[in-house]
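Architecture at a glance
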Amino acid sequence: MIAKIEIKGLILEVDFSKAHDISIPLIFNGSQPNTYNVNKAVSQAYRDGQFIGDTRKDGPCNFETYSLTPHCNGTHTECIGHITKERVDILSSLKDLMIPSHLISINPESTIESYNPELNKEDLLISKERLVEKLKNVPKKFLEGLIIRTLPNNQSKKSQNYMEVKPPFFSIDAMEYIKDLGVKHLLVDTPSVDRLFDDGILSSHNIFWHTTDKEYNPKTRNKTITEMIFVDDNIPDGNYLLT
């Protein structure tokens, strides 16, 4: 289906039959990525006395109990409530249903750009320098959302244990640049925009949401970060409508 859509004065023609899914499907009891060595996402048939919720075991219907840690078991979207003392839910935060967005591919690298805490020698970062190269000619109207695919783009991202492989993260300079561009929705294929072990400082998260000391900032309530996506190689860099 091809539709013409107007968003804040931007006229787009969209073929909804050619959509791309950039989430990692959550396969309960199966292969899945993992951060911080949390328990895997699992499901099991509910049992109660003579009842079993599994038709394969002569139960009347399929009726399962699920256990997961969304922040660590796969693709997940965060709102400002992820880092504030005030509880804020994603449903009340994510109000944008169709988001003009731009996809870029970036090689993380060693850099002299800043981070807090100090960088380790082996740290690889998404730098401001590379972001500027990729985004300098992108119309601002397509930067409501920014989707970042890191290179190399291995299928192993769909099942990676990130305690065994250190993922890249954003320099302070890079996140300041993203904030200044006015990006409202940031999507990345890493488990965090910050270093996984950063003494709990969460520099990039705080920059993105303009927060300090875990205090709620109502001006950035409608901004989101989505982590652990997977953008297949057959999806070219460019402008998209994110839904």
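I will try to describe carefully the structure that is included in this document. (Residues numbered from 1 in each chain as written. Predicted model: local features only at pLDDT ≥ 70, side-chain atom pairs only at ≥ 80, totals over all residues. Heavy atoms only, no water.)

A few points about the overall build of the protein chain
Helix and strand content of the protein chain: five helices and 14 strands. Here the protein chain has a C-alpha radius of gyration of 20 Å; the compact-globule value for 243 residues is 18 Å, and the two agree. Relative to its 243 residues, the protein chain shows a buried fraction of 46%. For the protein chain, the accessible surface area stands at approximately 13500 Å², while carbon and sulfur atoms represent 51% of it. (Helix = DSSP H or I, 4+ residues; strand = E, 2+ residues; numbered from the N terminus. Rg over C-alpha atoms; globule rule 2.2 N^0.38 Å. Buried < 20%, exposed > 50% of the residue type's maximum accessible area, 1.4 Å probe, protein only. Areas by Shrake-Rupley, 256 points an atom, 1.4 Å probe, with all protein chains shown as cover.)

Examining a nonpolar patch on the surface
There is a patch of nonpolar side chains on the surface, built from Met-1, Phe-16, Leu-97 and Met-98 and spanning about 440 Å² of accessible area. Met-1 gets classed as exposed once you look at its relative accessible area, which sits at 65%. (Patch = residues over 30% accessible without salt bridge, like charges linked within 9 Å, V, L, I, M, F, W, Y side chains within 5 Å. Salt bridge = Lys/Arg side-chain N within 4 Å of Asp/Glu carboxyl O.)

Examining the environment of Glu-129
For Glu-129, the position within the fold is in helix α3 (residues 128-135). Here the alpha-carbon distance between Glu-129 and Thr-111, two residues 18 residues apart in the chain, equals 9.3 Å.

Brief notes about the sheet that holds strand β10 (residues 145-150)
Strand order in the open sheet formed by six strands is β7-β13-β12-β10-β8-β14, and the pairing between neighbours is mixed. Where the open sheet ends on each side, the last strands, each with one partner, are β7 (76-78) and β14 (238-242). In this sheet, neighbouring strand axes are inclined to one another by 25° on average, regardless of whether the strands run parallel or antiparallel. Note that strand β8 (residues 99-106) and β14 share five bridges and pair antiparallel. Across the sheet, the residue bridging to Ser-101 is Tyr-240, located in β14. Running at roughly 120° to β8, α3 makes contact with β8 and β10 of the sheet. (Pairing = 2+ DSSP bridges. Axes fitted to C-alpha atoms, helices over the stretch in contact; angles between N-to-C directions. Contact = heavy atoms within 4.5 Å.)

Here we look at the environment of Lys-134
Residue placement: Lys-134 occurs in helix α3. For Lys-134 and Leu-103, which are 31 residues apart along the polypeptide, the C-alpha to C-alpha distance reads 9.6 Å. Sequence-distant contacts of Lys-134, that is, excluding residues within four places in its chain, are made with Ile-104, Ser-105, Ile-106 and Asp-237. Polar side-chain contacts of Lys-134 include one of 3.1 Å to the backbone oxygen of Ser-105. (Polar contact = N/O pair within 3.5 Å; in protein donor to acceptor, adjacent residues only side chain to side chain.)

Digging into the pairing of strand β2 (residues 10-15)
Of the two faces of β2, only one is covered, namely that formed by Leu-10, Leu-12 and Val-14; the face formed by Ile-11, Glu-13 and Asp-15 stays uncovered. Where strand β1 (residues 2-7) lies against β2, six bridges are found, and the strand directions are antiparallel. Residue pairing for β2: Ala-3 is matched across the bridge by Val-14. Counting the residues that bridge the hairpin from β1 to β2 gives two residues, and of these Lys-8 lies at a positive phi of roughly 50°.

Digging into the pattern of salt bridges
On inspection of all chains with the given rule, the structure shows 13 salt bridges. Linking Arg-56 and Asp-54 is a salt bridge whose minimum nitrogen-to-oxygen distance equals 3.0 Å. Among the residues examined, Arg-56 registers a relative accessible area of 69% and is labelled exposed. Arg-130 is the salt-bridge partner of Glu-129, the closest N and O atoms lying 3.6 Å from each other. Judged by relative accessible area, which is 45%, Glu-129 ranks as partly exposed.

Some details on the side chain of Glu-113
Following the sequence through the fold, Glu-113 ends up in the loop between β8 and β9 (125-126). In this structure, Glu-113 is buried with no salt-bridge partner, the nearest side chain bearing the opposite charge being Lys-128 at 7.4 Å. Among residues more than four places away in sequence, those in contact with Glu-113 are Leu-119, Ser-127, Lys-128, Glu-129, Ser-171, Asp-173 and Ala-174. (Lys, Arg positive; Asp, Glu negative; His and termini not counted.)

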